Amino acid sequence: MKFFVDTADTAEIKALAASGLLDGVTTNPSLIAKSGRKILDVIAEICEIVDGPVSAEVAATDYDGMMREAAVLRAIAHNVTVKLPLTPDGLRACRMLSGEGVMTNVTLCFSAAQAILAAKAGATFVSPFVGRLDDIGQDGMELIDEIVTIYDNYEDFDTQVLVASVRNPIHVTAAAKIGAHVVTLPPNVLRMLYAHPLTDKGLAAFMADWAATGQTIA
Ligand code: G3P
């Protein structure tokens, strides 16, 4: 299972990349806005920190505009993944870019039918938003299960399921049980994965016992 981090905060990305557990980064227009920086600068900096796929989302909503923006974004670095909305124009751009060997991430996926379209358009990744479905009383993880099952039925569907809009560690373990390829995690959720009170308690006890021995290892 690949771990991407869902942020445009380069200080956070640097800190998390040091763990060696980070496989990529996803951004979106809201995260770029939150960073207060220019998209081309942020994406270039992220691509220097992380070798894996870095999703940069187009802001145009028409095919020609998306293709113009995709040309600018893909020129930033070899690992830029062009993120496109799940619309007829977005999928048309996805088909074209995938044919040119560009990595693509089709975003704002909320149904299995939409995910089938993304796979047929040759998307490298499809991003179903589990948290936003949960927010409206639908089980986001059921959608992940459906998409993974459908994709497994077809050898020619190479699209990876990138679980997005992740809100807590339960989303991560549930996605892993289903076999989703990637989760993109807000930094706070990634940090939450490490935490368990018994780990803290156990470590404190070990350290107290160790101190009593008066030994050192190195
Ligand atoms: O990047 C897309 C997705 O992860 C957004 O998440 O929390 O805004 O629903 P959220």
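In this report, the structure presented in the accompanying data block is examined.

Cut-offs and rules
- Residues numbered from 1 in each chain as written.
- Predicted model: local features only at pLDDT ≥ 70, side-chain atom pairs only at ≥ 80, totals over all residues.
- Heavy atoms only, no water.
- Core = buried A, V, L, I, M, F, W, Y, C linked by side-chain atoms within 4.5 Å.
- Buried < 20%, exposed > 50% of the residue type's maximum accessible area, 1.4 Å probe, protein only.
- Helix = DSSP H or I, 4+ residues; strand = E, 2+ residues; numbered from the N terminus.
- Contact = heavy atoms within 4.5 Å.
- Patch = residues over 30% accessible without salt bridge, like charges linked within 9 Å, V, L, I, M, F, W, Y side chains within 5 Å.
- Areas by Shrake-Rupley, 256 points an atom, 1.4 Å probe, with all protein chains shown as cover.
- Salt bridge = Lys/Arg side-chain N within 4 Å of Asp/Glu carboxyl O.
- Pairing = 2+ DSSP bridges.
- Right-handed = clockwise from strand over helix to strand, strands pointing away.

1. Overview of the nonpolar core
Reasoning step 1: Counting 61 residues, the largest nonpolar core has Leu84, Ile144, Tyr151, Val161, Val163 and Leu185 as its most contacted members.
Reasoning step 2: Among the elements that line this core, the one with the most residues is helix 8 (residues 140-152), at 7 residues.
Reasoning step 3: The residues contacting Val163, other than those within four sequence positions of it, are Pro128, Val130, Ile144, Ala175, Ala180, Val182, Val183 and Thr184.

2. Looking at a nonpolar patch on the surface
Reasoning step 1: Together, Leu203, Phe206, Met207, Trp210 and Ile217 give the surface a local cluster of nonpolar side chains, amounting to about 590 Å² of exposed area.
Reasoning step 2: Positionally, Phe206 belongs in helix 11 (residues 197-213).

3. Points about the pairing of strand 4 (residues 80-85)
Reasoning step 1: A large share of strand 4 lies buried, amounting to 6 of its 6 residues.
Reasoning step 2: By the alternation rule, side chains of strand 4 split into Val80, Val82 and Leu84 and Thr81, Lys83 and Pro85, which are all buried.
Reasoning step 3: As judged from the 4 bridges shared by strand 3 (residues 54-57) and strand 4, these two strands associate in the parallel manner. Note that in strand 4 the partner of Val54 across the bridge is Val80.
Reasoning step 4: Between strand 3 and its parallel partner strand 4, the chain crosses via helix 4 (residues 63-74), and the hand of that crossover is right-handed.
Reasoning step 5: Both strand 4 and strand 5 (residues 104-109) contribute to a ladder of 4 bridges, which runs parallel. By the bridge assignment for strand 5, Pro85 is matched with Thr107.
Reasoning step 6: Between strand 4 and its parallel partner strand 5, the chain crosses via helix 5 (residues 88-99), and the hand of that crossover is right-handed.

By themselves, these observations are geometric and do not establish any function.
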